[in-house]
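The residues making up each chain are set out below.
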Amino acid sequence: MAKNDYFVIQGEDYKQMAICILQAAGLASDIGDRKKRIGIKPNILAAKKASSGAVTHPELVDGVLTYLKKEGFFNLVVLEGSWVGDLTTQAVRVSGIYDVCRRHQVPFVDLQKDSFQTLDAAGMPISVCEEALRLDYLINLPVLKGHCQTTVTCALKNSKGMIPNSEKRRFHTLGLHKPIAHLNTVIRQDFILLDNICGDLDFEEGGNPVVMNRVLGFWDPVLCDSFAAQSMGYHPLDIAYIRLAEQLGVGSTDLSSANRISLNEGILDKALIKGTKRVSRLAAYAAPKDACSACYGSLIYALDRLNDEGKLACHKTGSIAVGQGYRGKTGPIGIGQCTACFEKNLGGCPPNAADIAEFLREYWE
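These notes cover the structure that comes with them.

Here is what the cut-offs are and how they apply
- Residues numbered from 1 in each chain as written.
- Predicted model: local features only at pLDDT ≥ 70, side-chain atom pairs only at ≥ 80, totals over all residues.
- Heavy atoms only, no water.
- Helix = DSSP H or I, 4+ residues; strand = E, 2+ residues; numbered from the N terminus.
- Expected span 1.5 Å × (residues − 1).
- Buried < 20%, exposed > 50% of the residue type's maximum accessible area, 1.4 Å probe, protein only.
- Pairing = 2+ DSSP bridges.
- Axes fitted to C-alpha atoms, helices over the stretch in contact; angles between N-to-C directions.
- Contact = heavy atoms within 4.5 Å.
- Polar contact = N/O pair within 3.5 Å; in protein donor to acceptor, adjacent residues only side chain to side chain.
- Core = buried A, V, L, I, M, F, W, Y, C linked by side-chain atoms within 4.5 Å.
- Phe/Tyr/Trp six-rings, centres within 6.5 Å; stacked < 30°, edge-to-face > 60°.
- Lys NZ or Arg CZ within 6 Å of the ring centre and 35° of its normal.
- Disulfide = S-S within 2.5 Å.

**Let's talk about helix H3 (residues 58-70)**
Because each turn of an α-helix spans 3.6 residues, side chains separated by three or four positions in sequence point in the same direction.
Argument step 1. With 13 residues, H3 should reach 18 Å at 1.5 Å per residue; the first-to-last C-alpha distance of 18 Å fits that figure.
Argument step 2. Among the residues of H3, those classed as buried are Pro-58, Leu-60, Val-61, Asp-62, Gly-63, Val-64, Leu-65, Tyr-67 and Leu-68.
Argument step 3. Immediately beyond the C-terminal end of H3, within one or two residues, lies Gly-72, with a positive phi of roughly 95°.

This is the structure in structure tokens:
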């Protein structure tokens, strides 16, 4: 086990995928003492379903609790404080996570109702909910998705759910990036189970989900968010809170030195891009044949970046090949290792959105 290890699994059985990640990571051994108080922190910012691309899938919480109880851990708590303007009590019920907690007989703590302490977070005073400070081990369950202010939101920003509403308001007046980075010097994330199932293109409240059907496990929250940024077509150092967190010693952005452990890479999960008009318009530029969700989804994120730059309108729809149906076949341009025989090809299984966007820029120019 190394800090720069991370685990990847694809599929549609989200509960079992979560369990597989935790088993592969040897989480029980990392936690050790069965008496430790373990906190599970999902992302439940508002009263939304996970299918919207806004909140953590309840199946992942189910998988975590199932694994921990089987391994003999029973001092468990699920905790969250929704964003200002929504009631956590309503949001957790709509998400389905409250039912999971009730079924496992694990308490859910509404951090909007919690008391707090003010700590010195690397030179910045920040108030943190006391229930979060009582934890011996924190498992973070963020959603990989876009954000209207910080561009990307993932593990580091999900810690914001563990501060009182008054502090959340202050974070926004400070511009979010700096306080998010400093907050993570006092909230230690011991393990991150990343929900990369269908996060939204660019809005934290959902509405334009991109199906990836992927779950990942990280030890390092900065590495996790660097992966998230790259997966959405950005350079990690272009996201200020990621850059600042690395400078404060929270973790590393060095994905090139990270050790990716794929548990079932290349599985065919019958990817379908469906739903909103915006995602469908982006998908129109692709020509998928038996594409995996992670490869197809990465292409959608890349096309969204190019659309923001005004580079899509003049190009032909249905021209970018992607998917296992192209193995051994030829064509003008393809994405992923399954299109290796094409005239122009970007390899990878899957390639990330940042590399796809750069590849298409160069091809079209």
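Further notes follow.
**Notes on the sheet that holds strand E16 (residues 344-346)**
Argument step 1. A sheet is described by the order of its strands in space; here 4 strands give the open sequence E13-E14-E15-E16, paired in parallel fashion. The open sheet has two free edges, formed respectively by strand E13 (286-288) and E16, since each of these has just one partner strand. In this sheet, adjacent strand axes meet at a mean angle of 25° when their direction is disregarded.
Argument step 2. Pairing analysis gives 3 bridges linking E13 to strand E14 (residues 320-322), with the strands arranged parallel. Bridge assignment links Pro-288 to a residue of E14, and that residue is Val-322.
Argument step 3. Against the sheet, helix H13 (residues 293-308) touches E13, E14 and strand E15 (333-335), its axis set at about 155° to E14.

**Focus on the pairing of strand E2 (residues 38-42)**
Argument step 1. Most of E2 is tucked away, with 5 of its 5 residues classed as buried.
Argument step 2. Neither face of E2 is exposed, since Ile-38, Ile-40 and Pro-42 on one face and Gly-39 and Lys-41 on the opposite face are all buried.
Argument step 3. Looking at chain direction, E2 and strand E3 (residues 76-80) are connected through 3 bridges and run parallel. Note that in E3 the partner of Ile-40 across the bridge is Val-78.
Argument step 4. The pairing of E2 with strand E7 (residues 137-141) spans 5 bridges and is classified as parallel. Residue pairing for E7: Gly-39 is matched across the bridge by Leu-138.

**Overview of the environment of Gly-39**
Argument step 1. Mapped onto the elements, Gly-39 comes out in strand E2.
Argument step 2. For Gly-39, a relative accessible area of 0% corresponds to the buried category.
Argument step 3. Sequence separation between Gly-39 and Cys-349 is 310 residues; the distance between their C-alpha atoms is 33 Å.
Argument step 4. With residues up to four places along the chain from it excluded, the contact list for Gly-39 reads Val-77, Leu-79, Leu-135, Tyr-137, Leu-138 and Ile-139.

**A short note on the side chain of Gln-189**
Argument step 1. In this structure, Gln-189 sits in the loop between helix H9 (177-183) and strand E10 (191-196).
Argument step 2. According to the relative accessible area criterion, Gln-189 is buried, its value standing at 5%.
Argument step 3. A polar atom in the side chain of Gln-189 sits 3.0 Å from the backbone oxygen of Ala-155.
Argument step 4. Polar contacts involving the side chain of Gln-189 include one to the side chain of Asn-184, which spans 3.0 Å.
Argument step 5. Every residue in contact with Gln-189, bar those within four places of it in the chain, is listed here: Leu-138, Asn-140, Ala-155, Leu-156, Ser-159, Asn-184, Trp-219 and Pro-221.

**A look at the nonpolar core**
Argument step 1. Counting residues in each nonpolar core, the largest one holds 73 residues, and the members touching the most others are Phe-218, Leu-299 and Leu-360.
Argument step 2. Beyond its immediate chain neighbours, meaning those up to four positions away, Leu-360 contacts Leu-299, Leu-303, Leu-306, Ile-320 and Ile-333.

**Examining the packing of aromatic side chains**
Argument step 1. Per the stated rule, a full pass over the model turns up 5 aromatic pairs.
Argument step 2. Between Tyr-6 and Phe-218, the aromatic rings sit 4.8 Å apart at their centres with planes inclined by 5°, giving stacked as the arrangement. Here the residue Tyr-6 occupies a position in strand E1 (residues 5-10), and Phe-218 occupies one in strand E11 (residues 214-218), the gap between them amounting to 212 residues.
Argument step 3. With centroids separated by 5.5 Å and ring planes inclined at 90°, the aromatic side chains of Tyr-326 and Phe-342 adopt a geometry described as edge-to-face. Here Phe-342 lies in the loop between E15 and E16 and Tyr-326 lies in the loop between E14 and E15, a separation of 16 residues in the sequence. The residues Tyr-326 and Phe-342 share a single accessibility class, namely buried.
Argument step 4. Sitting over the ring of Tyr-98, Arg-93 keeps its end group 4.1 Å from the ring centre.

**A word on the environment of Gln-337**
Argument step 1. Mapping Gln-337 onto the fold places it in the loop between E15 and E16.
Argument step 2. Exposure remark for Gln-337: the relative accessible area of 44% places this residue in the partly exposed category.
Argument step 3. Expressed as a C-alpha distance, the spacing of Gln-337 and Tyr-326, which sit 11 residues apart in the sequence, is 9.5 Å.

**Let's talk about the state of the cysteines**
Argument step 1. Summed over the entire model, instances satisfying the criterion amount to 0 disulfides.
Argument step 2. Here Cys-341 stays unpaired: no disulfide links it, and the sulfur of Cys-338, its closest cysteine neighbor, is 10 Å away.
Argument step 3. Cys-341 sits in the partly exposed class, given a relative accessible area of 44%.

**A few points about the side chain of Asn-208**
Argument step 1. With respect to the helices, strands and loops of the structure, Asn-208 is situated in the loop between E10 and E11.
Argument step 2. On the accessibility criterion, Asn-208 (17% relative accessible area) is buried.
Argument step 3. Once residues within four sequence positions are removed from consideration, Asn-208 is found in contact with Ser-52, Gly-199, Asp-200, Leu-201, Thr-276, Arg-278 and Val-279.

**Some remarks on the environment of His-235**
Argument step 1. Following the sequence through the fold, His-235 ends up in the loop between helix H10 (221-231) and helix H11 (240-247).
Argument step 2. Residue class for His-235 comes out partly exposed when judged on its relative accessible area of 45%.
Argument step 3. With 18 residues separating them in the primary sequence, His-235 and Thr-253 have C-alpha atoms 9.9 Å apart.
Argument step 4. Within the structure, His-235 has its side chain in polar contact with the backbone nitrogen of Leu-237 (distance 3.1 Å).

So, to be careful, I would describe these as geometric facts and stop short of saying anything about function.
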